[in-house]
Every structure is written in structure tokens, then in C-alpha cells.
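Listed here are the chains, written in short residue letters.
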Amino acid sequence: MKDKIIKILKFTLPILLGLYVAWYFWNMFSEKDKEVFYSVFKDANYTILFLSLLVGLASHLARAKRWLYVLKPLGYKPSIYSSFYSIMIAYLMNIILPRVGEISRASVLATTDKVPFEKGFGTIIVERFIDLLCLLIIGGIALIINMDNIDELLMLADTINSGNPQESSSSIIGTIIICFFIGSIITIILLWFFNTKIRDKIKSLISGFIMGIKSIIQMKDRLAYIFYTLIIWLCYVIMFWIPFYCWGDMYLMSFDGLLSAFIAGTLGFIVVQGGLGTYPIMVGIVITYYMAPEYFATNSVAKPEFVGFATLIWLSQTVLVVVLGLMSLILVKRVKTSSKT
């Protein structure tokens, strides 16, 4: 019974947090603000938006190709199709059931190409570490570019939290996030000491992670791995940048603002799997700061049109993942069926 409760909380808490963030900020909009929010979807150029999705597809293909270079030194050579299918299914599962994408990704490859789950999962954890490093590098670049605006950014944070209802809400959101992460750490520690099966599983995953690290060190295709890593993150930035030409005068956004908004959106995905609620708000706040900083003098929430624009980007990326994920599920089932016959 306890395990079921923990699993339910693990899946529902991030979604509830995202829904709460979306509901809270939506309620702060007036009826006029909501009309402005919807106007973004009416006036957007969807042809340009579609181009950004093509770049997003290229990033997923590059990630699928990069994964093969890590698996090769371990003695496994799955096809790029299997790699791509497993990645897209993982993204889809992360939307439906938060935090299980990596598990499903390793499971799919274990089924289609007989890659042991622990080894596949270990390489995925290493990949997450590399991605975190890339995000920190981009964050560092954005920080250097924005060095002259640090004081203003800190003042912005104070301004956003200055309203009484906003301050209490921000505290609640922050408390929920902190409690969630602390609770996860405590749960892992308790399972380590009191559940031998879980402890053995964790040891196996750690072993897989170490093998993944060794695989990167030993691979002969390090330059190719680095090349595809650069392609992936370049595509991410371009995919985020193109929509700024699909509505209004968003193309006037400065490069440092673009990078800052990109990082804010990425953090929104980390806080709540899938970015539900958090992505549009965090990106909207950053865009408001760079495009209309005077708005914060009388308001503590981002401009509704900028939140709407960020929501448009989030929805387009989510639709892409859902469509490719469902297609991958169908194609993987065909692969399984053909392998049995």
C-alpha cells in the first residue's frame, strides 16, 4: 500500500504543481488580459512556427545518432530508427507519466535491439549529465552577456515578489518544489537501507552509469559525439529562436534576452516535467523584462501577450513530441511483431 501511495505521489505531484502554477497566474489575468493572450494564437504565422518544428525534428535525430556512439563501445549496434523511436517514446512518456521517460527509453531499446536495461539506462544518465553541462555553458554565456544587467535582474525578482498575494504564492510554489526534492532524496535513502531489491537495483544502475562514462572515454568517435552534441543544442536554440518571427515584433528581442528566455524555459521543463504551467510563465517573465520592462512598475505578472507567445511555443513543441511519440509507439510495435515472426 505504501509503495502504491509513493508511486501515485511521484506521478501526480509534478502535474499538480504545474496545474497550480497555470491556474494561479491565469486567475491573475483580467478578462482583457485573457483576450490579449488568445490573440497571439489568432495572429501567429504557423508556417514559420512549423519551420521551428522541423529544426526540433533534426535535434531528435541528432540525439538518436549520438546515442549510437556511446552504445558502440559496449558492444551494441542498434539502428538509428530504434534509437529514434525509443527517444521519442521516452519524451511522450515524460508528458503522460512524469519521470519515467528514461526508464521507458532503455526498456524499448532492450526489447528491439537486446541492449541490457542497466547498460542502456547508464548511458542515458551520462547523456543527462552531458546535457546539464551544455546547459551550464549556455547559462554562463548568457550570464557574461548580461553582466551589466545583474542588478536590474535582481531588482526584477524583487518586483515580481513585491505584491502581497504574489509573494505568498511564490513562497508556496517554492516550498512545494523544495519539499518534493527533499522527499525524493529521503525516499531513496530509506529504500536503500530497508529494501534489498531496490538497493541492488540502484547498485546495478550506478554500475551502468560508470560503464556509460567509460564508454565515452573509450569511444573512438569522440569528435563525432561532440559534433552531434553541438548540433543538438544548436538546434534547440534555433528551434526556440525561429518562433520569434511568427508573431508581432518579437524578432526585436535581443540575443542575450533570447538566451535568457531559452534557459528559463529549460528550467521550466526541469521544475515540472513537460513544462506544464512553469514554461510559459518563466519564459513570459523574461520576455517581458527585455521587451517591456516598464510593465513591472505597475504589475507583478508578465504581460499576457508574452505569456501567450511562450504558451504557443510550448504547445508547438509538445504537439511535436506527442505526434512523433505516438508514431514511434506504432512503429516499435511493428518491429516487435516482425522480430517474433
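Residues numbered from 1 in each chain as written. Predicted model: local features only at pLDDT ≥ 70, side-chain atom pairs only at ≥ 80, totals over all residues. Heavy atoms only, no water.

**What about the overall build of the protein?**
Our working rule: Secondary structure elements follow DSSP: runs of H or I of four or more residues count as helices, runs of E of two or more count as strands, with numbering from the N terminus. Contacts are assigned to residue pairs with any non-hydrogen atoms lying within 4.5 Å of each other.
When its secondary structure is counted, the protein shows 13 helices and 0 strands. Expressed as a percentage of contacts within the protein between residues at least 6 apart in sequence, the contacts between residues at least 24 apart total 73%.

**Here we look at helix H2 (residues 31–43)**
For clarity, the cut-off: By definition here, a helix of n residues has an expected span of 1.5 Å times n minus one. To sort residues, take the accessible area from a 1.4 Å probe on protein chains only and compare it with the maximum for the residue type: under 20% means buried, over 50% means exposed, and anything in between is partly exposed. Here, the arc refers to the directions that run from the helix axis to the C-beta atoms.
With 13 residues, H2 ought to run about 18 Å at 1.5 Å a step, and its terminal C-alpha atoms sit 19 Å apart, in line with that. What H2 keeps buried is the set Asp 33, Lys 34, Phe 37 and Val 40. Seen along its axis, H2 keeps its buried residues to an arc of 105 degrees; they face one direction. For H2, the exposed residues set more than 90 degrees away from the buried face come down to Glu 31, Lys 32, Glu 35, Lys 42 and Asp 43.

**Describing a nonpolar patch on the surface**
For clarity, the cut-off: Nonpolar side chains (Val, Leu, Ile, Met, Phe, Trp, Tyr) within 5 Å and like charges within 9 Å form the patches, drawn only from residues with over 30% relative accessible area and no salt bridge. Each accessible area is a Shrake-Rupley result for a 1.4 Å probe, and residues are judged covered by the shown protein chains and nothing else. We define a salt bridge as a side-chain nitrogen of Lys or Arg found within 4 Å of a carboxyl oxygen belonging to Asp or Glu.
A cluster of nonpolar residues, Leu 133, Ile 137, Ile 141, Ile 145 and Phe 255, forms a patch on the protein surface that exposes about 450 Å² of accessible area. Here the element with the most residues in the nonpolar patch is helix H6 (residues 117–145); it accounts for 4 residues. Relative to the assigned elements, Ile 145 resides in helix H6. Taking the relative accessible area as the measure of exposure, Ile 145 reaches 36% and is therefore partly exposed.

**A closer look at the side chain of Ser 59**
With respect to the element layout, Ser 59 can be found in helix H3 (residues 46–71). Take Ser 59: its relative accessible area is 0%, and that puts it in the buried class. Setting aside anything within four residues of it in sequence, one finds Ser 59 in contact with Ile 232, Cys 235 and Tyr 236.

**Quick word on unusual backbone geometry**
At Lys 114, a position not held by glycine, the phi torsion is positive, near 60 degrees. Looking at the secondary structure, you find Lys 114 in the loop between helix H5 (101–113) and H6.

**Quick word on the nonpolar core**
Cut-off, in case you're wondering: In this description, a nonpolar core means a group of buried Ala, Val, Leu, Ile, Met, Phe, Trp, Tyr and Cys residues linked to one another through side-chain atoms lying within 4.5 Å.
Counting residues in hydrophobic clusters, the biggest one holds 85 residues, and the most contacted among them are Trp 233, Phe 240, Phe 244, Phe 262, Ile 287 and Phe 309. When residues of this core are assigned to their parent elements, the largest contribution, 11 residues, is made by helix H13 (residues 304–340).

**Quick look at the environment of Ala 62**
Checked against the element boundaries, Ala 62 lands in helix H3. Looking at Ala 62, the relative accessible area reads 5%, which means it is buried. Residues Ala 62 and Ile 232 lie 170 residues apart in sequence; the distance between their C-alpha atoms is 6.0 Å. Dropping the residues within four chain positions of it, Ala 62 is found in contact with Tyr 228, Ile 231 and Ile 232.

**Considering the packing of helix H10 (residues 222–241) against helix H11 (residues 255–271)**
Counted only if it meets this: To define axes, lines are fitted to C-alpha atoms, for helices over the stretch in contact only, and angles between the resulting N-to-C directions are given on a 0 to 180 degree scale. Working definition: roughly parallel below 35 degrees, roughly antiparallel above 145 degrees, roughly perpendicular at 65 to 115 degrees, and oblique for all remaining angles.
Two numbers describe how H10 lies on H11: the axes approach to 10 Å, and their chain directions differ by 105 degrees. One way to sum up the angle between H10 and H11 is to call them roughly perpendicular. Contacts from Trp 233, Tyr 236, Val 237, Phe 240 and Trp 241 of H10 reach H11 at Leu 258, Leu 259, Ala 261 and Phe 262.

**Thoughts on the packing of H6 against H11**
To be explicit about the condition: Crossings are sorted by hand: turned counterclockwise from the far helix by less than a right angle, the near helix makes the crossing left-handed, and turned clockwise it makes it right-handed.
Between H6 and H11, the shortest axis-to-axis distance is 9 Å and the interhelical angle comes to 140 degrees. In terms of orientation, H6 lies oblique with respect to H11. H6 and H11 meet at a crossing whose hand is left-handed. On H11, the residues that touch Leu 135, Ile 138, Gly 139, Ile 141, Ala 142 and Ile 145 of H6 are Phe 255, Asp 256, Leu 259, Ser 260, Phe 262, Ile 263, Thr 266 and Ile 270.

**Considerations on H11**
With 17 residues, H11 should reach 24 Å at 1.5 Å per residue; the first-to-last C-alpha distance of 24 Å fits that figure. Extensive coverage of H11 is indicated by the burial of 12 of its 17 residues. Turning to H11, its buried residues are Asp 256, Gly 257, Leu 258, Leu 259, Ser 260, Ala 261, Phe 262, Ile 263, Ala 264, Gly 265, Thr 266 and Gly 268. Structurally, H11 contributes buried residues whose contacts are with H6, H10 and helix H12 (278–291).

**Details of the packing of aromatic side chains**
The criterion, for reference: Stacked, edge-to-face and tilted are the three classes for Phe, Tyr and Trp ring pairs, Trp counted by its six-membered ring, which pair at centre distances within 6.5 Å; planes under 30 degrees apart are stacked, over 60 edge-to-face, the rest tilted.
In the structure shown here, the tally under the stated rule is 22 aromatic pairs. Note on Phe 244 and Phe 309: the rings are 5.0 Å apart at their centroids and 75 degrees apart in plane angle, and the pair reads as edge-to-face. Here Phe 244, found in the loop between H10 and H11, pairs with Phe 309, found in helix H13; they are 65 residues apart in sequence, far enough to count as distant. For Phe 244, a relative accessible area of 1% gives the class buried. A network of ring pairs unites the aromatic residues Trp 233, Tyr 236, Phe 240, Phe 244, Trp 247, Phe 262 and Phe 309 as a single cluster.

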